Amino acid sequence: MSTPDTAPSRPEAPTAPSHEPTHRYTPALAQQIEERWQDLWEERGTFWAANPNGALTDGDGRNAGGQPFFIMDMFPYPSGVGLHVGHPLGYIATDVVGRFRMMCGDNVLHALGYDAFGLPAEQYAVQTGQHPRTTTEQNIVTMKRQLRRMGLAHDSRRTFATIDPEYVRWTQWIFLQIFDSWYDAAADGGAGRARRIGELRTELESGARAVPGHDGDNAGGAVWAALSDDERRDVIDAQRLAYVDESPVNWAPGLGTVLANEEVTADGRSERGNMPVFQKSLRQWKMRITAYADRLTDDLELIDWPEKVKSMQRNWIGRSTGANVRFDVVGTADYDAAGAGAQVEVFTTRPDTLFGATFMVVAPEHPLLDEVPAAWPDGTRDVWTGGHATPVEAVAAYRREAAAKTAVERQADAGKKTGVFTGHLAVNPVNGATVPVFTADYVLMGYGTGAIMAVPGGDQRDFDFAEAFELPVVRTVEPAGGLPDDFAGAYTGDGVAVNSSNDEISLDGLGVAEAKETIVAWLSARGAGEGTTTYRLRDWLFSRQRYWGEPFPILWDEDDRPVAIPADMLPVDLPDVPDYAPRTFEPDDADSSPEAPLGRNDEWVHVTLDLGDGPKRYRRDTNTMPNWAGSCWYYLRYLDPTDSTDGPAKGTAVVDPELESYWMGPKHNATSGPAGGVDLYVGGVEHAVLHLLYARFWHKVLLDLGYVSSLEPFGKLFNQGYIQAYAYTDARGAYVPAGEVEGDEQAGFTYRGEPVNREYGKMGKSLKNVVTPDEMYEQYGADTFRVYEMSMGPLDLSRPWETRAVVGSQRFLQRLWRNVVDEETGALVATDDEPDTATLRAMHRAIADVRVEMEHMRPNTAIAKLITYNNHLTSLDRVPRAAVEPLVLMVAPIAPHIAEELWQRLGHDGSLAREPFPTADEQYLVEDTVTCVVQVKGKVRGRLEVAPTISDADLEAAALAEPNVVRAIDGAPVRKVIVRAPKLVNIVV
């Protein structure tokens, strides 16, 4: 909501005075005040958060006291163009919360670092030759200046950038912990957790564990002992949480790098650069995030996040419970080159509909298609063949088409119903029916088994495919009473099983849940299937063919096997290279392969090192980590940002366990939940899957290894809305400067006298509608800017920027100033008079209301309450100090500089940052009187103004004595008096 600027009853200074008062609160005076207080805060360590131990104390040199409260903003990337007014919304919001919590006695930790690796700086380096570090550090300086000028209460000692060598060191150290771990799904009673590789090796040697990928029970370690050293290394490496794997990846030739699925748009292009993306099989680093799929899903119940974000994570993980079902492939010498005995396994969440499976679909990459029949079998329809003479031609052509699409693109194209019959026939295990096997690119080899059974009677996509390819439809679920005769399409609702029986089993009449259980038991007994759980989530592709990222702390030995670099040799720094760009190709060159820029420094790539077993020749990994790596753990660095001699510099841990437990442990304060984590994490919903899921994964690995005690990194998440803006285009469609457009909705809009069209959306340099914080500081001051952003509406909703409306916030602060300071002389005008009862009631009502609004992160309504109370004070002839000081304290979280200045002028020493937030006196929250309605025979005959605490007896006596009531009774005997003090008396005569 915008700030009201209704004129107060006391006259204001003239709008056009013959001279401007020397001490008026102007933008120039605001700047002086703001910069002075910002310097004082820094000098005094006003916002230093005290750790419970170590060198990081508060400004007075004391260790932690009070309840810990950890606030964070999502990691900002330091852009070269700096901030516009939309960026600070979340920063100001967290600052308001932090200042309020500090005034409530909490030990608040609020700091800000910089997510400094990223593609923009690298692209700029490619264009200009300037090292990305130089560009990034310059951008950080600009952003720091803009944020400091905003008056944010950050602990400056705890700031850092992900490119800092010590930060890179610990990012690489965490990678090595993940590399040195495997996931034991049977640990902790089947809950599962990460364990050290050394423990796996010990169990394999002792025979306590079977050797993966090798036959035999390994009793006494016999199987393990029979393996060569290289074979043992291969077994171990295959179990690691960080591992190298050759698999289909998203290759963007135009960028020269591979991308994670999450970095590819729905139309099969790169999120950054909008380049075409192709599927390509490459050897890349991956992280076994799939091992944590259940915990990542289940633990969402333990944290206070928006439900829409939880749903997005659940959907991305995609846990599905159902059954694996095996279909035998028909083998005939004439038609099926694969031969008898082949099987296709599918996963289905609806095994109860198996009797309705009338065809199958496999991914184009499915190994069943490596050999297909030489000729079409009898019964093949023309529409199935794609116009090809043989299955061999049809499948080969379709595979070529599918290879040119990304996984995301294939899913987006699913509605087009492309596909071709493979010539293979399979047998439905429940009824022996022969069903055709198609291939279609909407089925992905990386999801499930790469094959599906199609039940067109119960799935609309299958129904549409069946219609397009003239395939039969068998309904297996119907509502009670059956479907209408004219029903068309798939029935996807609840109901009972029909048409689902054979000589051994009948599901007919059973509900869905019972039918599932029954058919899974039947399939299991016959070896045709079993109940299982699958996931949409895939392991995290962790390699990037870029320069500007963290190098992998891995060496490759002479056998091309990975070797961890010892912790005392970290960080592995980026080398100088002649060219920062990965080799890029024509955007549509799908046959190209990655060539990383780090490979151009041969002295760095090929090294001779002694890792404890003598000097050996090694090759460094020339990929770098994705930009997500640094943002996976940055919250921990705020807790322990210095590598002191008694801290993590010993190489033992990324964070002091006592600090992590104090700031983030389960139930570390009154509002922390059982999972612990950051108390308030504010950022945009666009990070709902990527950053948040990755950070949760890394945190759970650190939890399993004993480095942290909290189950989750972020206990409470709040998604702020966005500040958007109007943009204007002229008759040519070209954007014109929004700040120079005149007019309104009624009269229309013009630029230099010519009409323009208005559109609404984001701010952008190309849209010529950017407004910067620097402009706001100069025109109004930082406090006015803060008040306006916080008053525009609820924090979680987007809202339009309107520079002309900022003046309302300015007027509020000017009135506040005049209630304390004489504009002409600068003298204090607040008096030592006692406030009257009306002022006390207004003050305590404001205190009570503002506290509630602040506790619930509603600064917009808190500001409205403050304006109302400030206007009350403005209406007084003399403003009592006792009435205005609480107002100054309540304003402080939102407009801290003017509040500090007024507090000092009111005679207080030091900062008000840790002064107690005002508390309401209950006696002033109770109204003097309430209106009591008196009814006689059900009709209102009188009204009484009575004390809220009046007794039933006194209220009855007063009602019976009220003149209008006496007249209404007119001497009749009173049978009964019903009293509901203090608001109602009902008299029955």
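Everything numeric here is computed off the predicted structure, so don't read it as measured data.

Engineer: What am I meant to see in helix α11 (residues 307–317) here?
Structural biologist: Taken residue by residue, α11 has V309, K310, Q313, W316 and I317 as its buried positions. Projected onto a plane normal to the axis of α11, the buried residues spread over an arc of 130° and lie on a single side. Residues of α11 that are exposed and point more than 90 degrees away from the buried face comprise K308 and N315. Phi turns positive one or two residues past the end of α11, at G318, with a value near 65°.

Engineer: Honestly, helix α3 (residues 119–128) in this entry has me stumped. Any pointers?
Structural biologist: Residues that lie three or four places apart on an α-helix share one face, since the helix turns once every 3.6 residues. Restricting attention to buried positions, one finds in α3 the residues L119, A121, E122 and A125. The arc enclosing the buried residues of α3, seen along the axis, measures out at 165°, which places them on a common side. Against α4 (132–149) lie the buried residues of α3. Phi turns positive one or two residues past the end of α3, at G129, with a value near 85°.

Engineer: It is not clear to me how the pattern of salt bridges should be interpreted in this structure. Could you clarify?
Structural biologist: Any two side chains of opposite charge can pair, so long as their charged atoms come close to each other. For the structure shown, the criterion picks out 60 salt bridges. Of the charged contacts, one joins R145 and D774 as a salt bridge, the two residues approaching to 3.2 Å between their closest N and O atoms. Note that R145 is positioned in helix α4 and D774 in helix α21 (residues 773–779), a separation of 629 residues in sequence. For D774, a relative accessible area of 26% gives the class partly exposed. Overlapping salt bridges, with partners in common, bring together D184, R195, E199, E203 and R209 in one network.

Engineer: Quick question: what am I supposed to make of the side chain of T257 here?
Structural biologist: Take T257: it is sitting in strand β6 (residues 257–259). The class for T257 is buried, based on a relative accessible area of 1%. Engagement of the side chain of T257 in a polar contact is seen with the backbone nitrogen of Q545, the distance being 3.0 Å. Ignoring sequence-local partners within four residues, the contact set of T257 consists of N250, W251, A252, R544, Q545 and R546.

Engineer: How should the pairing of strand β21 (residues 615–620) be read in this particular structure?
Structural biologist: Walk down a regular strand and you will see the side chains alternate between the two sheet faces. Pairing analysis gives 2 bridges linking strand β18 (residues 554–556) to β21, with the strands arranged antiparallel. Of the residues in β21, the one forming a bridge with W556 is R619. Taken together, the 5 bridges between strand β20 (residues 606–610) and β21 define a ladder with antiparallel strand orientation. In the strand pairing of β21, H606 is matched with R619. Turn length for the β20-β21 hairpin, with the two strands adjacent in sequence and antiparallel, is 4 residues, and the turn residue G612 shows positive phi of about 115°.

Engineer: Looking at this structure, I do not really get unusual backbone geometry. What am I missing?
Structural biologist: Across residues other than glycine, the phi torsion is negative in most instances, and most of the peptide bonds are trans. Omega for the peptide link from L570 to P571 comes to 0°, which places this bond in the cis form. Mapped onto the elements of the fold, P571 is located in the loop between β19 (562–564) and α16 (602–605). Positive phi outside glycine occurs at D560, with the angle close to 60°. Take D560: it is sitting in the loop between β18 and β19. Overall, D560 belongs to the partly exposed group, its relative accessible area being 32%. For K667, which is not a glycine, the phi torsion comes out positive at approximately 55°. Note that K667 resides in the loop between α19 (657–664) and β22 (680–683). With relative accessibility at 60%, the residue K667 sits in the exposed group.

Cut-offs and rules
Residues numbered from 1 in each chain as written. Predicted model: local features only at pLDDT ≥ 70, side-chain atom pairs only at ≥ 80, totals over all residues. Heavy atoms only, no water. Buried < 20%, exposed > 50% of the residue type's maximum accessible area, 1.4 Å probe, protein only. Helix = DSSP H or I, 4+ residues; strand = E, 2+ residues; numbered from the N terminus. Arc of directions from axis to C-beta. Contact = heavy atoms within 4.5 Å. Salt bridge = Lys/Arg side-chain N within 4 Å of Asp/Glu carboxyl O. Polar contact = N/O pair within 3.5 Å; in protein donor to acceptor, adjacent residues only side chain to side chain. Pairing = 2+ DSSP bridges.

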